[in-house]
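These are the residues of each chain, in order.
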Amino acid sequence: MSEHTDLREKLKDKKRIVVKVGTSSLTHPETGLLDLIKLEKLVRELTDLHNRGKEIILVSSGAIAVGRKTIGMKERPQKLSVKQACASIGQARLMMMYQKLFMEYNQVASQILMTKNTLVNGENRINARNTFDTLLEMGSIPVVNENDTISTYEIEFGDNDTLSAVVAALVQADLLILLSDIDGLFTDDPNRNPEAKFVEYVDHVDQHFEEMGRGTASDVGTGGMSTKLKAAKLATSAGADMVIANGADMGVIHRIVDGERIGTLFKANRTEDFYLIDYLDAPS
Ligand code: GLU
């Protein structure tokens, strides 16, 4: 059996799983409004994994997009205070939707909003870790986002790809699933280069792969392939396997955990001297 096939099989045994969904996977491309059918399916998938005995954390984007639609703003906000105000309106709305849907499946959801400061300070970091552990012990599914309402460039992660990898490292998750509007990693941007080949398996994120990620971006969320590869480096070094897959059908979540070959799988390569802080960019 190839190493890839073997690792795919082992995804069934993962216990602590972080799932990240980007704004593009939660909204209708035509209008930017929430895709309620997808949201409902996401919640059902996560609750079902929880019912199978897994510990689940959801990292969800969408606060700013939902906020701006709520007040009828046409363009993406550029000014920091406007983005923050949109996030404030949108995060509460988004969480209300999640609460409503999780409640329908009798699942307790909780909310954790983080900034980089949550991790740089040792005491805050331990505190955050304990809170995650306690919520998971209680059987809750924490829904995490950046605290966009107060975070400015010095303390922000900037994108939820990074945030989800940081969360995976913090809680020592054994699997991180990143759902986006792309199928996974390609050797080049498939929208521009028809010769681009799909990469099913990466056993080590090295410079060669990091270069592949440059130049591909999703136009709704913040992260492109480059941030996903940085996230892969962080998560795999912390000891988690990671899968990038297309969130067009939320059903991929259970199929990935069942070991199906979907998306790109990055193999965990825990580095002995892994230290989370080393992976957080210093403020520029
Ligand atoms: N935290 C942002 C939001 O909820 C999204 C960041 C991202 O798309 O990566 O709107």
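Structural notes, computed from the coordinates. (Residues numbered from 1 in each chain as written. Predicted model: local features only at pLDDT ≥ 70, side-chain atom pairs only at ≥ 80, totals over all residues. Heavy atoms only, no water.)

A closer look at the overall build of the chain
(1) Moving on: Assigned secondary structure in the chain consists of 11 helices and 10 strands.
(2) Moving on: On C-alpha atoms alone, the chain measures out to a radius of gyration of 18 Å, which is about the 19 Å that the 2.2 N^0.38 rule sets for 284 residues.
(3) Moving on: Principal-axis analysis of the C-alpha atoms places the extent of the chain at approximately 55 × 45 × 40 Å.
(4) Moving on: Taking all 284 residues of the chain together, 53% fall into the buried category.
(5) Moving on: For the chain, the proportion of contacts with a sequence separation of at least 24, taken over those separated by at least 6, is 76%.
(6) Moving on: As presented, the chain carries roughly 13200 Å² of accessible surface, and 50% of it is formed by carbon and sulfur atoms.
(7) Moving on: Within the chain, the 41 negative side-chain charges are centred at a point lying 3 Å from the centre of the 33 positive side-chain charges. (Helix = DSSP H or I, 4+ residues; strand = E, 2+ residues; numbered from the N terminus. Rg over C-alpha atoms; globule rule 2.2 N^0.38 Å. Buried < 20%, exposed > 50% of the residue type's maximum accessible area, 1.4 Å probe, protein only. Contact = heavy atoms within 4.5 Å. Areas by Shrake-Rupley, 256 points an atom, 1.4 Å probe, with all protein chains shown as cover. Lys, Arg positive; Asp, Glu negative; His and termini not counted. Charge placed at Lys NZ, Arg CZ, Asp CG, Glu CD.)

Structural notes on the packing of aromatic side chains
(1) Moving on: Here the structure, examined in full by the defined rule, presents three aromatic pairs.
(2) Moving on: Measuring from ring centre to ring centre gives 5.2 Å for phenylalanine 186 and phenylalanine 198, while their planes differ by 65 degrees; the resulting arrangement is edge-to-face. Of the two residues, phenylalanine 186 is situated in strand S6 (residues 185-186) and phenylalanine 198 in strand S7 (residues 198-199); the sequence distance between them amounts to 12 residues.
(3) Moving on: Look at phenylalanine 186 and you get buried, because its relative accessible area is 17%.
(4) Moving on: A residue is classified by how much of its surface remains accessible, and phenylalanine 198, at 35% relative accessible area, is partly exposed. (Phe/Tyr/Trp six-rings, centres within 6.5 Å; stacked < 30°, edge-to-face > 60°.)

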